[in-house]
Protein chains: 2
Amino acid sequence: MPIIIPEDQSREYCSLLFQKLGAKKEDADIMGDHLTMSEMRGIYSHGLSRIPVYTRKLDGGGFNANAEMKIVKEYPGSFMLDADKAFGPVSGKFVMNRLVEKAKTSGFASAVLTNANHWGFLGYYSMMALEHDMVGFVFCNATGTTSIYGSPHRFVGTSPISVAIPAGKCDPIVFDAASSAVAMGKVNVANLEGRSIPEEWTYDKNGHATTNPADALSGGCMRAFGGYKGSGIAILISVLSAAIAAMPNDFMNNDSNPASGNNVGGIMQVIDISKFRDIDEFKGQVDEFITAAKAQPKGEGVEEIFMPGEIEFNKYRAFKKQGGFEVGPALFQTLKDSADKYGLVYDFSDWER
Amino acid sequence: MPIIIPEDQSREYCSLLFQKLGAKKEDADIMGDHLTMSEMRGIYSHGLSRIPVYTRKLDGGGFNANAEMKIVKEYPGSFMLDADKAFGPVSGKFVMNRLVEKAKTSGFASAVLTNANHWGFLGYYSMMALEHDMVGFVFCNATGTTSIYGSPHRFVGTSPISVAIPAGKCDPIVFDAASSAVAMGKVNVANLEGRSIPEEWTYDKNGHATTNPADALSGGCMRAFGGYKGSGIAILISVLSAAIAAMPNDFMNNDSNPASGNNVGGIMQVIDISKFRDIDEFKGQVDEFITAAKAQPKGEGVEEIFMPGEIEFNKYRAFKKQGGFEVGPALFQTLKDSADKYGLVYDFSDWER
């Protein structure tokens, strides 16, 4: 019997759980929406499986339920937010909303975020710009889990980056990826489910390639994607995000204590396209690009050419159609355990059909 | 007998040659500096070997010697430049200088460039920010020469990107790379010199891997780097640069006629770090990152871990020491032929020692 979680109940469950731990309803709702949208786009590495990690941080004080976020610098084209250890999605959403407003006068609007916690999947923020026909751009640093080119040991974070570009009739282009060969969450999930992983994803603690996720997780590391170029991009994101935000470099950043925030920095940016070109012409040209790309002659064994984010939009539509997203029994149990642990009485009867 | 071109004579030769073709001295000097700095950093794909391509464009009118560049949009955080088919380095340098000034009040300053010509190596522009302790960021589109993930045929340009981050005692971090597995210039140079190329770089016109640069150049294409993630980055740069600047999509952009400009768009950006953090603290943290990265345990067979741009800084120092950069006999002949063709009398006697 598959476990299908209805979208709205996922939001509700998460929100109620975080409220049990002291989060304001408004913030808990954002967490619920973020984790649910992650699942609905098939980004299971950043969805409900994060609940035990996040509740532990909230319980321990590393996530600040009473954060007082503050604009500490403000300029005509940019600002800086001290997130005061708020939930990542709370600070990220606040900043993107403000950037959208700012871009209406400044064309490009940019923000530096400091004292911040894990933002989850970054496409959540870049895609906020799409509703306003704007381009969204986000990257951030993270605790060191990933090797750089030339060394098979952990040094930088996964250095994720997301860019969202509006289209017309086609789905928007939404690039959303870690600069590691794979998101760490996928290694975690493989480990939980006892599956092996491709040799190109990770190294073990001795710097040797491994297909066992447990070896990678116990003192090993992930690899940067794309050889020296991908490693270079990981380095840029890692050092710039941390240094401009006065957060520790990734290799110095031990955030394992529940009382500790994730201590990360990031940069978010919005471009109001209409300040530079007629928006309908812009979207028409993006459609032309996408349509031609998908009609390109395919390589051997390739069934379809996908644009960045397209697989996630397809997933979203499929989950909408079936009335929710599927989770495995181990994760379902974890969600029930979390409810028990924090005294949340929730009716899960709809989830098992 | 090696051919060593003294740095200053390279600048002088280029400037005089472009002036013979009608360029203003000021603009010709910028071209000379750009091509020379490319050689001095060992980026031979964007150095003097480009002279026949550029002179042909200037002679044919595709490069506008009397360009009237114009700011067509201006906002608190950004502006848009119509480059009027000026030499790429002339428009790029103008924009970066203006961004540096603008960033002093706006924190982040960004520009869209349109009606632009080939910018050469983008590190030239990102590095301009370093002299002001700022971060420089540049990307642009280009004629379609590169395949996207799933199709072994040309569709996007090389989608180059450069980011420069200031450091303290260490060399700055200067990422400067095409999103193709390799710069097209390197395939050209291999072809000129009759060398084979790695199988991972290109496809032939039938969509098959090849080690013969001539096969790649006659109807074949380069590949994007780093699998679907690298391809995604190439797509973002390609479509955003073209569509925001109202330039043709890469696959529609045939700029082979000497009377045609390269019809490209791009985005340049500068961050004034001091608006967000004490600049010496920032540089100290970047130094900490670099020093630790270089001290990481190395992988098997790795002699040294390099930061982005470090190999180019080493090259620059080595060339400075030997009084200039080395070129092959074929390129030397091309330079003499170009001088003859455009009536430049130049004393090459210092170059062969």
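See the structure printed just above.
The rules behind these values
- Residues numbered from 1 in each chain as written.
- Chains lettered and ligands numbered in written order.
- Predicted model: local features only at pLDDT ≥ 70, side-chain atom pairs only at ≥ 80, totals over all residues.
- Heavy atoms only, no water.
- Helix = DSSP H or I, 4+ residues; strand = E, 2+ residues; numbered from the N terminus.
- Rg over C-alpha atoms; globule rule 2.2 N^0.38 Å.
- Buried < 20%, exposed > 50% of the residue type's maximum accessible area, 1.4 Å probe, protein only.
- Contact = heavy atoms within 4.5 Å.
- Pairing = 2+ DSSP bridges.
- Axes fitted to C-alpha atoms, helices over the stretch in contact; angles between N-to-C directions.
- Parallel < 35°, antiparallel > 145°, perpendicular 65-115°, else oblique.
- Nonpolar A, V, L, I, M, F, W, Y, C, P; charged D, E, K, R; others polar.
- Buried area = accessible area lost by both parts, 1.4 Å probe.
- Salt bridge = Lys/Arg side-chain N within 4 Å of Asp/Glu carboxyl O.
- Polar contact = N/O pair within 3.5 Å; in protein donor to acceptor, adjacent residues only side chain to side chain.
- Disulfide = S-S within 2.5 Å.
- Right-handed = clockwise from strand over helix to strand, strands pointing away.
- Phe/Tyr/Trp six-rings, centres within 6.5 Å; stacked < 30°, edge-to-face > 60°.
- Lys NZ or Arg CZ within 6 Å of the ring centre and 35° of its normal.
- Core = buried A, V, L, I, M, F, W, Y, C linked by side-chain atoms within 4.5 Å.
- Least-squares fit on C-alpha atoms with pLDDT ≥ 70 in both.

> Account for the overall build of chain A, with residues named and values stated.
The number of helices and strands found in chain A is eleven helices and twelve strands. Against the 2.2 N^0.38 benchmark of 20 Å for 353 residues, chain A shows a C-alpha radius of gyration of 20 Å, consistent with a compact globule. Seen along its three principal axes, the alpha-carbon backbone of chain A occupies a region of about 55 × 50 × 45 Å. Each of the 353 residues in chain A was classed as buried or not, and the buried ones make up 60%. Counting only contacts in chain A whose residues sit at least 6 apart along the sequence, the fraction spanning at least 24 positions is 67%.

> Can you tell me about the sheet that holds strand β6 (residues 146-147) of chain B, naming the residues and giving the values?
All names here are of chain B. Within the open sheet, the three strands sit side by side as β6-β10-β9. Their pairing is mixed. Looking along the sheet, the strands with just one partner apiece sit at the ends: β6 and β9 (202-203). Relative to strand β10 (residues 221-223), β6 runs parallel, the two being bridged by two bridges. Following the sheet pairing, Thr146 is matched in β10 by Met222.

> Before we move on, can you summarise the packing of helix α2 (residues 25-40) of chain A against helix α4 (residues 88-106) of chain A with the specific residues and values?
Residue and element names in this part refer to chain A. Packing of α2 against α4 brings their axes to within 8 Å, and their N-to-C directions diverge by 95°. The orientation of α2 relative to α4 falls into the category roughly perpendicular. Across the interface between the two elements, Asp27, Ile30, Met31 and His34 of α2 pack against Pro89, Val90 and Lys93 of α4. Tallied by class, residues from the contact of α2 with α4 come to four nonpolar, one polar and two charged.

> Tell me about the interface of chain A and chain B, and name the residues and values.
Facing 75 residues of chain A, the contacting portion of chain B comprises 75 residues. For the pair chain A and chain B, the summed buried area comes to about 6,000 Å², and 73% of that belongs to carbon and sulfur atoms. Summed over the three residues of chain A that lose the most area to chain B, namely Lys229, Phe276 and Phe289 of chain A, the buried surface amounts to 13% of that side. Counting every contact that joins chain A to chain B gives zero salt bridges. Where chain A meets chain B, there are 27 residue pairs in polar contact (both at pLDDT 80 or more). No other element matches helix α8 (residues 227-244) of chain A, which puts twelve residues into the side of chain A that touches chain B. Of the residues belonging to the side of chain A that touches chain B, the class tally is 49 nonpolar, 19 polar and seven charged.

> Can you lay out helix α6 (residues 184-192) of chain B for me, pointing to particular residues and giving the numbers?
Residue and element names in this part refer to chain B. Along α6, the positions that sit buried rather than exposed are Gly185, Val187, Val189 and Ala190. On its buried face, α6 is in contact with β9, α7 (213-217) and β10. Phi turns positive one or two residues past the end of α6, at Gly194, with a value near 70°.

> Lay out the state of the cysteines with the relevant residues and their values.
Residue and element names in this part refer to chain A. Overall, the coordinates contain zero disulfides over all chains when judged by the stated rule. Looking at the unpaired Cys221, the closest cysteine sulfur is the one in Cys140, lying at 19 Å. What makes Cys221 buried here is its relative accessible area of 2%.

> Describe the pairing of strand β3 (residues 78-82) of chain B, listing the residues and the values that go with them.
All names here are of chain B. In terms of burial, β3 is largely enclosed, as four of its five residues are buried. Where strand β2 (residues 70-75) meets β3, five bridges bridge the pair, whose relative direction is antiparallel. The residue bridging Tyr75 from the neighbouring strand is Ser78, located in β3. Turn length for the β2-β3 hairpin, with the two strands adjacent in sequence and antiparallel, is two residues. The pairing of β3 with strand β4 (residues 108-116) spans five bridges and is classified as parallel. In the sheet register, Phe79 faces β4, and the bridge partner there is Ala111. Each parallel crossover has a hand, and the one from β3 via helix α4 (residues 88-106) to β4 is right-handed.

> Report on the pattern of salt bridges, specifying residues and quantitative values.
If you walk through the whole model with that rule in mind, you get 30 salt bridges over all chains. The salt bridge partner of Lys104 of chain A is Glu101 of chain A, with a shortest N-O separation of 3.0 Å. Remark: Glu101 of chain A and Lys104 of chain A occur in helix α4; sequence separation between them is three residues, near one turn of the helix. Take Lys104 of chain A: its relative accessible area is 37%, and that puts it in the partly exposed class. Residue Glu101 of chain A is classed as partly exposed on the basis of its relative accessible area of 47%. For the salt bridge of Glu74 of chain B with Lys102 of chain B, the shortest nitrogen-to-oxygen distance reads 2.5 Å. Here Glu74 of chain B is found in strand β2, whereas its partner Lys102 of chain B is found in helix α4, with 28 residues between them in sequence.

> Give me the packing of aromatic side chains: which residues, what numbers.
Tallied over the entire structure, the rule returns 40 aromatic pairs over all chains. Taking the centre distance of 5.8 Å and the plane angle of 55° together, the rings of Tyr13 of chain A and Phe348 of chain A count as tilted. In this pair, Tyr13 of chain A is assigned in helix α1 (residues 7-20) and Phe348 of chain A in the segment after α11 (329-341), connecting sequence segments 335 residues apart. Judged on exposure class, the residue Tyr13 of chain A and its partner Phe348 of chain A are both buried. On the basis of an interplanar angle of 85° and a centroid distance of 5.7 Å, the ring pair of Tyr75 of chain A and Phe276 of chain B is categorised as edge-to-face. Separated into two different chains, Tyr75 of chain A in strand β2 (residues 70-75) and Phe276 of chain B in the loop between β11 (264-271) and α9 (279-294) make up a pair that spans both. Of the aromatic side chains, those joined through ring pairs into one cluster are Tyr13, Phe332, Tyr346, Phe348 and Trp351 of chain A. The ring of Phe313 of chain B has Arg41 of chain B lying over it, and the distance from NZ or CZ to the ring centre is 4.3 Å.

> Got a sec to walk through the nonpolar core? Specific residues and values, please.
Core analysis: the largest hydrophobic core is formed by 83 residues, its most contacted members being Leu240 of chain A together with Leu240 of chain B. In this structure, Leu240 of chain A is in contact with Phe139 and Ile267 of chain A together with Val135, Ile165, Ile271, Ile273 and Phe282 of chain B, ignoring residues within four places of it in sequence.

> Any details on unusual backbone geometry? Residues and values, ideally.
Residue and element names in this part refer to chain A. With a phi close to 50°, Asp84 is a non-glycine residue in the positive phi region. Along the chain, Asp84 turns up in the loop between β3 (78-82) and α4. The phi dihedral of Lys85 is positive, around 60°, even though this residue is not glycine. The class for Lys85 is partly exposed, based on a relative accessible area of 31%.

> Report on the relation of the copies chain A and chain B, specifying residues and quantitative values.
The transform that puts chain A on chain B rotates by 180° and translates by 0.0 Å along the axis, for an RMSD of 0.0 Å. What the superposition gives is, in effect, a two-fold axis relating one chain to the other. In this assembly, 100% of the residues forming the interface of chain A have copies in chain B that are likewise at the interface, indicating an isologous arrangement.

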